[in-house]
Amino acid sequence: MDRNPSPPPRSRDGDEEEEAAGGDCIGSTVYSKHWLFGVLSGLIQIVSPENSKSSSDDEEQQMELDEEMENEICRVWDMSMDEDVALFLQEFNAPDIFMGVLAKSKCPRLREICVGILGNMACFQEICVSISSDKNLGQVLLYCLCDSDPPTLLETSRLLLTCLSQTEVAIVWVERIREHPAIYDSICFIMSSSTNVDLLVKVGEVVDKLFDLDEKLMLEWIRNGAVQPLDQPQEDSEQQPVFRIVPCVLEAAKQVRSENPEGLDVYMHILQLLTTVDDGIQAIVQCPDTGKDTWNLLFDLVCHEFCQSDDPPIILQEQKTVLASVFSVLSAIYASQAEQEYLKIGKDLPLIDSLIRVLQNMKHCQKKPENSAESNTEETKKSDLTQDDFHLKILKDVSCEFLSNIFRVLTKETVAQGLKEGQLSKQKCSCAFENLLPLYNPVVEDFLKILREVDKTLAGNLEESFPSLKTSHCCGLSCCRAQAPDAQAQRPWPTDPAALRHVGSSQTRAQTPVPCIGRRTLNHCTTREAPTCMYFMQ
């Protein structure tokens, strides 16, 4: 019977070649060890003493990277997203090679790629611990934060954020940063000068993480630049500007506002963390210009951008964290600087309108969904719902605290204007009372006294809707009108919960390896000119 012929028997040489090919693979990948050795050897040659001894005529050439070498090292950047490759690079002492490149090379593209590879490697815990324990490498990487090349700064910030998100090594990096005051100046310089939104967002995440991890470091940065040294000559002060953390954060927030909502969330949370300490509040309000700039920016966000009347109520789910940060900062400024003119010029009613709208929309967001046809497990649904409720509770507590502060200072004229313009309608007052009671009962009672003088009918209707208000106050003393003792204890927003919100999101973003990207033609971070960006994917 005819059939196809059998394949020829395998020779011993063929088996050996197949085994050799399998032995050249890195882990379970198909990447070649031999090829990777060749690329790393090429890197060693670039920074070898023979190549380093060059005249000034060759400096321009050193700034450029050979196209073939760039393509190969970019492949390594892509490959380093794989854990097997990252571990192999670690075994081959690649971090030491990259450290040599960063210490000796003047080529921005090469430096960017090397830091990018280290950033991918650090996404794996074992390697992150190893990289962080190397003091020399740590010094070199921190020095990269003083670089003038935006893409290198971006990759350095990503690497630093990744390490700060690892609990085993975070304190190591915090201490290193504290020991290097120049890091503060570099970061403030970037925030106040860069137009590269990606860089601003990543640097903001680093600052947010640092402040969240270490209050002592945050206090040191708040106090930096607060008072210029008396022995510093005037000409030196002009050459070396004194950076203040709050104006730098505000400048970066304005830059990312329209292009990156997540970035704006980060910078608002930095401001919120600053208000958790007295020095931070003073840094915002002590200088009238800084306080005014902060107030105007945040006031514009809540009254003209976030949670507007024509937005669907569900938009609150997307904006709940940034709104909590913004309202908490506004509340801190309002409580500490009530005499400032920029707080008195027609600001109360628009803020009341925005706060009550947030509380109204919160009702819709907290409604429990009916039986869902989705295939998610009950545990997943419960976890997501609990997390959403947690963030919404933070927002509610912050909103009620701020609203009570505004209600305390309302005058008869302001209430009359609010009734006329619709900010204090029966529906809105009912929503406010529903959320303020019983914690802020004295505040609501004082507001009702003023309301009776303006609209006795509305005040009576509200008393009918909230019977607890009919009962006279316990003692009638003015001291009882102070905030209820439990109010401060029931505010989770100034410290841990709000901080935990961003810790989680930062950690997730920080530990995500990224592929190599082509060289971007970016403006230098010292200019405010519009950047020209071109992306060439490898």
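Residues numbered from 1 in each chain as written. Predicted model: local features only at pLDDT ≥ 70, side-chain atom pairs only at ≥ 80, totals over all residues. Heavy atoms only, no water.

Undergrad: Where do I start with the overall build of the chain in this structure?
TA: From N to C terminus, the chain includes 29 helices and zero strands. Within the chain, the fraction of its 538 residues that count as buried is 48%. Partitioning the intrachain contacts of the chain with sequence separation of at least 6 by distance along the chain shows that 77% fall at a separation of at least 24. If you sum the accessible surface of the chain, you get close to 26900 Å²; carbon and sulfur atoms cover 50% of it. (Helix = DSSP H or I, 4+ residues; strand = E, 2+ residues; numbered from the N terminus. Buried < 20%, exposed > 50% of the residue type's maximum accessible area, 1.4 Å probe, protein only. Contact = heavy atoms within 4.5 Å. Areas by Shrake-Rupley, 256 points an atom, 1.4 Å probe, with all protein chains shown as cover.)

Undergrad: Please explain the pattern of salt bridges as it appears in this structure.
TA: Any two side chains of opposite charge can pair, given that their charged atoms come close. Enumeration according to the criterion identifies 16 salt bridges in this entry. A salt bridge links lysine 393 to aspartate 397; the shortest N-O distance between them is 3.0 Å. Residue lysine 393 and its partner aspartate 397 are located together in helix 23 (residues 378-408), separated by four residues, close to a single helical turn. Where salt bridges share partners, they join Glu175, Arg178, Asp214 and Glu220 into one cluster. (Salt bridge = Lys/Arg side-chain N within 4 Å of Asp/Glu carboxyl O.)

Undergrad: Hey, could you run me through the confidence of the model for the chain in this one?
TA: Caution applies to low-pLDDT regions: their predicted coordinates should not be interpreted in detail. For the chain, the mean per-residue pLDDT works out to 80, and 72% of the residues sit at or above 70. Contacts from residues 472-509, a stretch scored under 50 in pLDDT, to residues over four places away or in other chains number 63 contacts. (pLDDT = per-residue confidence, 0-100.)

Undergrad: Teacher, can you tell me more about the packing of aromatic side chains here?
TA: In this description, an aromatic ring pair is defined by two values, namely the gap between the centres and the angle between the planes. In total, this model carries 12 aromatic pairs according to the counting rule given. Relative to tryptophan 221, the ring of tyrosine 184 has its centre 5.4 Å away and its plane inclined at 70°; by these criteria the two rings are edge-to-face. Here the residue tyrosine 184 occupies a position in helix 13 (residues 182-193), and tryptophan 221 occupies one in helix 15 (residues 215-223), the gap between them amounting to 37 residues. Judged by its relative accessible area of 3%, tyrosine 184 falls in the buried class. Through a chain of ring-to-ring contacts, the aromatic side chains of Trp295, Phe299, Phe327, Tyr334 and Phe402 assemble into a single cluster. In this structure, arginine 176 is placed above the aromatic ring of tryptophan 173, and the distance from its NZ or CZ to the ring centre is 4.8 Å. Over the face of the ring belonging to phenylalanine 299 we find lysine 347, whose NZ or CZ atom lies 4.2 Å from the ring centre. (Phe/Tyr/Trp six-rings, centres within 6.5 Å; stacked < 30°, edge-to-face > 60°. Lys NZ or Arg CZ within 6 Å of the ring centre and 35° of its normal.)

Undergrad: Explanation requested: helix 21 (residues 315-336) in the structure shown.
TA: Two residues of an α-helix separated by three or four positions point the same way, owing to the 3.6 residues in each turn. The terminal C-alpha atoms of helix 21 lie 31 Å apart, and with 22 residues this matches the ideal 32 Å at 1.5 Å per residue to within 8%. The largest bend along helix 21 reaches roughly 50° and is located at threonine 321. The element helix 21 is largely enclosed, with a buried count of 19 among its 22 residues. (Expected span 1.5 Å × (residues − 1). Bend = angle between axes of the 7 residues up to and from the residue.)

Undergrad: Would you mind going over empty space enclosed by the protein with me for this structure?
TA: Take a probe with the size of a water molecule and roll it over the atoms, and the empty space left behind shows itself. One pass over the full model with this rule turns up two cavities of 30 Å³ or more. Put simply, the second largest cavity is a space of about 40 Å³. Around the second largest cavity, the lining residues are Leu141, Leu142, Thr156, Leu159, Leu160 and Trp173. Counting only elements with at least two residues in the lining of the second largest cavity, the list comes to helix 10 (135-144) and helix 11 (150-164). When residues in the lining of the second largest cavity are grouped by element, the largest group, three residues, is from helix 11. Within the lining of the second largest cavity, the residues separate by chemical class into five nonpolar, one polar and no charged. (1 Å grid on protein atoms, 1.4 Å probe; cavity = no way out; pocket = protein on both sides within 12 Å on 5 of 7 lines; lining within 4 Å. Points joined across faces, edges and corners; volume = space filled by probe spheres on them. Nonpolar A, V, L, I, M, F, W, Y, C, P; charged D, E, K, R; others polar.)

Undergrad: Please explain the environment of phenylalanine 299 as it appears in this structure.
TA: With respect to the helices, strands and loops of the structure, phenylalanine 299 is situated in helix 20 (residues 288-304). Overall, phenylalanine 299 belongs to the buried group, its relative accessible area being 9%. Linking phenylalanine 299 and serine 354, residues 55 residues apart in sequence, is a C-alpha distance of 9.9 Å. In contact with phenylalanine 299, not counting residues within four places along its chain, are His304, Leu330, Lys347, Pro350 and Leu351.

Undergrad: Hey, could you run me through the environment of leucine 159 in this one?
TA: Relative to the helices and strands, leucine 159 is located in helix 11. For leucine 159, a relative accessible area of 2% puts it in the buried group. Here leucine 159 is in contact with Val115, Leu118, Gly119, Ala122 and Leu141, once residues within four sequence places are set aside.

Undergrad: Just to check I follow, could you spell out the side chain of glutamate 155 for this structure?
TA: Among the structural elements, glutamate 155 can be located in helix 11. Glutamate 155 gets classed as buried once you look at its relative accessible area, which sits at 5%. Within polar-contact distance, the side chain of glutamate 155 engages the side chain of arginine 158 at 3.0 Å. (Polar contact = N/O pair within 3.5 Å; in protein donor to acceptor, adjacent residues only side chain to side chain.)

Undergrad: Whenever I open this one, the packing of helix 21 against helix 22 (residues 348-365) confuses me. Can you help?
TA: Helix-helix packing is described using two parameters, namely the angle between the two axes and the distance between the axes. Running from N to C, helix 21 and helix 22 point in directions that differ by 145°, and their axes come no closer than 12 Å. Read as a crossing pair, helix 21 and helix 22 show a hand that is left-handed. In contact with Leu316, Gln317, Leu323, Phe327, Leu330 and Tyr334 of helix 21, helix 22 contributes Asp348, Leu351, Leu355, Val358, Asn361, Met362 and Cys365. For the contact of helix 21 with helix 22, a count of residues per class yields 10 nonpolar, two polar and one charged. (Axes fitted to C-alpha atoms, helices over the stretch in contact; angles between N-to-C directions. Left-handed = near helix turned anticlockwise from the far one by under 90°.)

Undergrad: What is the right way to look at the packing of helix 11 against helix 12 (residues 170-178) in this model?
TA: Taken N-terminus to C-terminus, the directions of helix 11 and helix 12 make an angle of 130°; their axes are 7 Å apart at the nearest point. For the element pair helix 11 / helix 12, the angle class is oblique. Two secondary-structure elements touch here, helix 11 through Leu160, Cys163 and Leu164 and helix 12 through Ala170, Trp173, Val174 and Ile177. Among the residues forming the contact of helix 11 with helix 12, the class breakdown is seven nonpolar, no polar and no charged. (Parallel < 35°, antiparallel > 145°, perpendicular 65-115°, else oblique.)

Undergrad: For this particular structure, what's the right way to read unusual backbone geometry?
TA: Generally, phi is negative for residues other than glycine and the peptide bonds are trans, each holding for most cases. The omega torsion across leucine 437 and proline 438 is 0°, close enough to zero to call that bond cis. Along the chain, proline 438 turns up in the loop between helix 25 (426-436) and helix 26 (441-454). For asparagine 93, which is not glycine, the phi dihedral falls at a positive 60°. Assessed through its relative accessible area of 45%, asparagine 93 is described here as partly exposed.

Undergrad: For this particular structure, what's the right way to read the environment of glycine 422?
TA: Assignment of secondary structure puts glycine 422 in the loop between helix 24 (412-421) and helix 25. Overall, the relative accessible area of 25% leaves glycine 422 in the partly exposed class. Linking glycine 422 and leucine 349, residues 73 residues apart in sequence, is a C-alpha distance of 9.5 Å.

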